[in-house]
Amino acid sequence: MADLAYTTAKAVTDLVGQLALDLRTDDVEGPEFLDQAIEHGSGEIDFYAQGKYLTSDLASNRWVSNGATAFAVEFLCLRRLNEIPKGVKEWADQYREKLQGVLEGKWQIPGCSRTRRAVTVTNQHVDLRRPNNQVRTDTTRSTGVAQGYTRPTDPTAPDAR
C-alpha cells in the first residue's frame, strides 16, 4: 500500500458494503486489490495536486479523503471490466472536474493551504563569446537561481582550467 493514502479500507468498505467488496474481489487472496484501489484513488489526487500542497495536509483533509474514496470505488467497479454504476461515475466526475480546476490554478482545495515555496526556473545557456564557454544565467527569463546545485563538469575535457 502507499506510504500515505488519502482514504482507508474502512471508508471504502463502509461505502460499498462488505458483500459488494467480496463479490468484486473473490478471486484475490487478502486485501491486495482493495489496497490497489486505495493507491489508485490517492494517485489521482496526487496527479491533480501536482506538488502544490503538502502531502500531510492532503492526508488530513476531509474533501480530499472523499475524493480519493470516490476514485477508489470507481476503480473497484472497473474490476473484471464491469460497467461503472451511473451514480459512482457522476460522483467521481464531480471530483475530477473540481480537481481539474485545482490543476489549472483556478481553485484551491478547500481547507488546505498551498505550499509556500514556488518552483524556481533558471534558464542557463553556454555563452560562446566568453572564454572557456562559460555557462551564464539568463536573468530576464529566470524566476530565481538554483541554490546548492553544483554544475556538472567534465574532468577529461581538454580545455579544463
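Residues numbered from 1 in each chain as written. Predicted model: local features only at pLDDT ≥ 70, side-chain atom pairs only at ≥ 80, totals over all residues. Heavy atoms only, no water.

Peer 1: Give a detailed account of the pattern of salt bridges, specifying residues and quantitative values.
Peer 2: Tallied over the entire structure, the rule returns nine salt bridges. D14 is paired through a salt bridge with K10; the nearest N and O atoms lie 2.7 Å apart. Placement of the pair is D14 and K10 together in helix α1 (residues 9–16), with a separation of four residues, close to one helical turn. K10 matches D14 in its accessibility class, with the two residues each being exposed. Between D93 and K89 there is a salt bridge whose closest N-O contact spans 3.6 Å. Note that D93 and K89 are positioned in helix α6 (residues 86–104) at a spacing of four residues, about one turn of the helix. (Salt bridge = Lys/Arg side-chain N within 4 Å of Asp/Glu carboxyl O. Helix = DSSP H or I, 4+ residues; strand = E, 2+ residues; numbered from the N terminus. Buried < 20%, exposed > 50% of the residue type's maximum accessible area, 1.4 Å probe, protein only.)

Peer 1: Please give an account of the packing of aromatic side chains that cites residues and values.
Peer 2: A full pass over the atoms with the stated rule returns four aromatic pairs. Between F47 and Y48, the aromatic rings sit 5.1 Å apart at their centres with planes inclined by 75°, giving edge-to-face as the arrangement. For F47, a relative accessible area of 46% gives the class partly exposed. Plain terms: the ring middles of W91 and Y95 are 6.3 Å apart, the flat faces sit at 75° to each other, and that makes the pair edge-to-face. (Phe/Tyr/Trp six-rings, centres within 6.5 Å; stacked < 30°, edge-to-face > 60°.)

Peer 1: Could you give an account of unusual backbone geometry, with specific residues and numbers?
Peer 2: The phi dihedral of R80 falls on the positive side, at around 60°, and the residue is not glycine. With respect to the element layout, R80 can be found in the loop between α5 (62–77) and α6. The backbone of L81 sits at a positive phi, close to 60°, despite the residue not being glycine. By secondary structure assignment, the location of L81 is in the loop between α5 and α6.

Peer 1: Describe the packing of helix α3 (residues 32–49) against α5, and please don't skip the residues or the numbers.
Peer 2: Their axes nearest at 7 Å, the elements α3 and α5 cross at an angle of 130°. Our classification of the angle between α3 and α5 gives oblique. Note on packing geometry: the crossing formed by α3 with α5 is right-handed. From α3, F33, L34, Q36, A37, I38, H40, G41, S42, E44 and I45 reach across to α5, where they touch V64, G67, A68, F71, A72, F75 and L76. (Axes fitted to C-alpha atoms, helices over the stretch in contact; angles between N-to-C directions. Parallel < 35°, antiparallel > 145°, perpendicular 65-115°, else oblique. Left-handed = near helix turned anticlockwise from the far one by under 90°. Contact = heavy atoms within 4.5 Å.)

Peer 1: Report on the environment of F71, specifying residues and quantitative values.
Peer 2: Looking at where F71 falls in the secondary structure, it is placed in helix α5. The exposure class assigned to F71 is buried, which follows from its relative accessible area of 0%. Between the C-alpha atom of F71 and that of V12, which follows or precedes it by 59 residues, the distance is 9.9 Å. Leave out the neighbours within four places in its chain, and F71 touches H40, G41, E44, I45, A92, Y95, R96 and L99.

Peer 1: Report on α6, specifying residues and quantitative values.
Peer 2: Helix length check: α6 (19 residues) gives 27 Å between terminal C-alpha atoms against 27 Å at 1.5 Å per residue, within 8%. If you check which residues of α6 are buried, you get V88, A92, Y95, R96, L99, G101 and V102. In the core, the buried residues of α6 are packed alongside α3 and α5. Directly after α6, the chain includes G105, whose backbone phi takes a positive value near 85°. (Expected span 1.5 Å × (residues − 1).)

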